[in-house]
Amino acid sequence: RLVVSYNELGEGDIPNNSIINLTINKTSGSITNIQDISKEYDGQVVTQPTFNKSGTGNVTIEYKVKDADDTTYTTTKPKDAGTYKVRVTVGEDVTYEATSGEKEFTITPKKLNVTVDSVTKEYDGNTSASVTGSVTTGIDGETLTISGLTGTFNSKDVKDANKVTVDHSKVNVTGNDSTNVNNYTLVYPESVAGSITPKTIDLKWNKELTYNGKEQL
């Protein structure tokens, strides 16, 4: 409330008072420079982002999958690979209105190089190769098992075979109970060293001979 005192013209020295009621609105709050908390999957939840804000209102930080409905926002921090949004909300105070801001971030799958062992087989007349692969996640408690790899020698012959081409088009990757396979991207070698050994043959002689001091067939 504002009280204004004034003298009307020709009315002496005693001032009159008028009361004016004023409404003072709070200014709009603001949230800026929300930190990008994108990272490669590391088995840990994301860190809380830093940001700039106006006012002293209570702060709430929430997360959701990028294209999910806003009703799915939660204070639980994500850790699995995917694209998300973080929402920062600052409540009103005596000066500023409540406001919120959003920032998109991504947890990318961890890239792992698959180890494929060199291949050695006995000659069998074809170029097929039995291939095995393994990988270490580097995350405590998380393991991956690889099956379904196939391979092809560059030659079926002992002399020329020295390389195996690795085919992972039908690979199957599984994890233990603690592992989400979608948190990893596996990189396979194009080829590995290989060799073919001569086939051992058992020779049997069925003709009986009696020594006679002469060469016999």
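These figures come from a predicted structure and were not determined experimentally.

What follows concerns the overall build of the protein. Counting its secondary structure elements, the protein contains zero helices and 19 strands. Here the C-alpha radius of gyration of the protein, 39 Å, is well above what a compact globule of 217 residues would show, namely 17 Å. Across its three principal axes, the protein shows a C-alpha extent of roughly 165 × 30 × 25 Å. When the 217 residues of the protein are sorted by exposure, 26% land in the buried category. Within the protein, counting contacts between residues at least 6 apart in sequence, those at least 24 apart form 56% of the total. Surface summary for the protein: the accessible area is close to 15,000 Å², and the carbon and sulfur share equals 46%. Across the protein, the centroid of the 22 positively charged side chains sits 11 Å from that of the 29 negatively charged ones.

Right, let's get into the pattern of salt bridges. Enumeration over the complete set of coordinates arrives at nine salt bridges. Among the salt bridges present, the one from glutamate 62 reaches arginine 87, with a minimum N-O distance of 2.9 Å. Here arginine 87 lies in strand 7 (residues 82–90) and glutamate 62 lies in strand 6 (residues 59–65), a separation of 25 residues in the sequence. A salt bridge links glutamate 104 to lysine 66; its shortest N-O distance comes to 3.7 Å. Of the two residues, glutamate 104 is situated in strand 8 (residues 99–108) and lysine 66 in the loop between strand 6 and strand 7; the sequence distance between them amounts to 38 residues. Judged by relative accessible area, which is 38%, glutamate 104 ranks as partly exposed. Here lysine 66 falls in the partly exposed class, since its relative accessible area comes to 32%.

Along the chain, the position of asparagine 182 falls in the loop between strand 17 (172–175) and strand 18 (184–187). Using a relative accessible area of 59% as the deciding quantity, one classes asparagine 182 as exposed. Considered as a pair, asparagine 182 and valine 90 are 92 residues apart in the sequence and their alpha carbons are 34 Å apart. Those residues in contact with asparagine 182, other than ones at most four positions away along the chain, are Ala81 and Pro109.

Before going further, it helps to examine the sheet that holds strand 6. The strands that make up a sheet are held in pairs by hydrogen bonds between backbone atoms, and each pair lies either parallel or antiparallel. Strand order in the open sheet formed by four strands is 4-8-7-6, and the pairing between neighbours is mixed. Two strands lie at the open edges of the sheet, namely strand 4 (39–40) and strand 6, each paired on one side alone. Of the pairings in the sheet, the one linking strand 4 to strand 8 comprises two bridges and is parallel in character. Counterpart to lysine 39 in the pairing with strand 8 is isoleucine 107.

As summarised here, the arrangement of the five strands in space is 11-19-16-15-12, forming an open sheet in which the pairing is mixed. Of all strands in the sheet, those bounded by a partner on one side alone are strand 11 (119–122) and strand 12 (128–130). Ignoring which end each strand starts from, the neighbouring axes of this sheet average 35 degrees apart. In this structure, strand 16 (residues 163–167) lies alongside strand 19 (residues 191–197), joined through three bridges in antiparallel fashion. By the bridge assignment for strand 19, lysine 163 is matched with alanine 193.

So, about the packing of aromatic side chains. Inspection of every chain in the model, using the stated rule, returns three aromatic pairs. On the numbers, 5.6 Å between centres and 80 degrees between planes, the contact of tyrosine 41 with tyrosine 184 is edge-to-face. Of this pair, tyrosine 41 sits in the loop between strand 4 and strand 5 (52–53) while tyrosine 184 is found in strand 18, placing the two residues 143 residues apart along the sequence. In this structure tyrosine 41 comes out as buried when scored by relative accessible area, which is 2%. Aromatic pair tyrosine 63 and phenylalanine 105: ring centres 6.4 Å apart, planes at 90 degrees, arrangement edge-to-face. Here the residue tyrosine 63 occupies a position in strand 6, and phenylalanine 105 occupies one in strand 8, the gap between them amounting to 42 residues. Owing to a relative accessible area of 1%, phenylalanine 105 belongs among the buried residues under this scheme. What links up through ring pairs into an aromatic cluster is the set Tyr63, Tyr84 and Phe105.

The rules behind each value
Residues numbered from 1 in each chain as written. Predicted model: local features only at pLDDT ≥ 70, side-chain atom pairs only at ≥ 80, totals over all residues. Heavy atoms only, no water. Helix = DSSP H or I, 4+ residues; strand = E, 2+ residues; numbered from the N terminus. Rg over C-alpha atoms; globule rule 2.2 N^0.38 Å. Buried < 20%, exposed > 50% of the residue type's maximum accessible area, 1.4 Å probe, protein only. Contact = heavy atoms within 4.5 Å. Areas by Shrake-Rupley, 256 points an atom, 1.4 Å probe, with all protein chains shown as cover. Lys, Arg positive; Asp, Glu negative; His and termini not counted. Charge placed at Lys NZ, Arg CZ, Asp CG, Glu CD. Salt bridge = Lys/Arg side-chain N within 4 Å of Asp/Glu carboxyl O. Pairing = 2+ DSSP bridges. Axes fitted to C-alpha atoms, helices over the stretch in contact; angles between N-to-C directions. Phe/Tyr/Trp six-rings, centres within 6.5 Å; stacked < 30°, edge-to-face > 60°.

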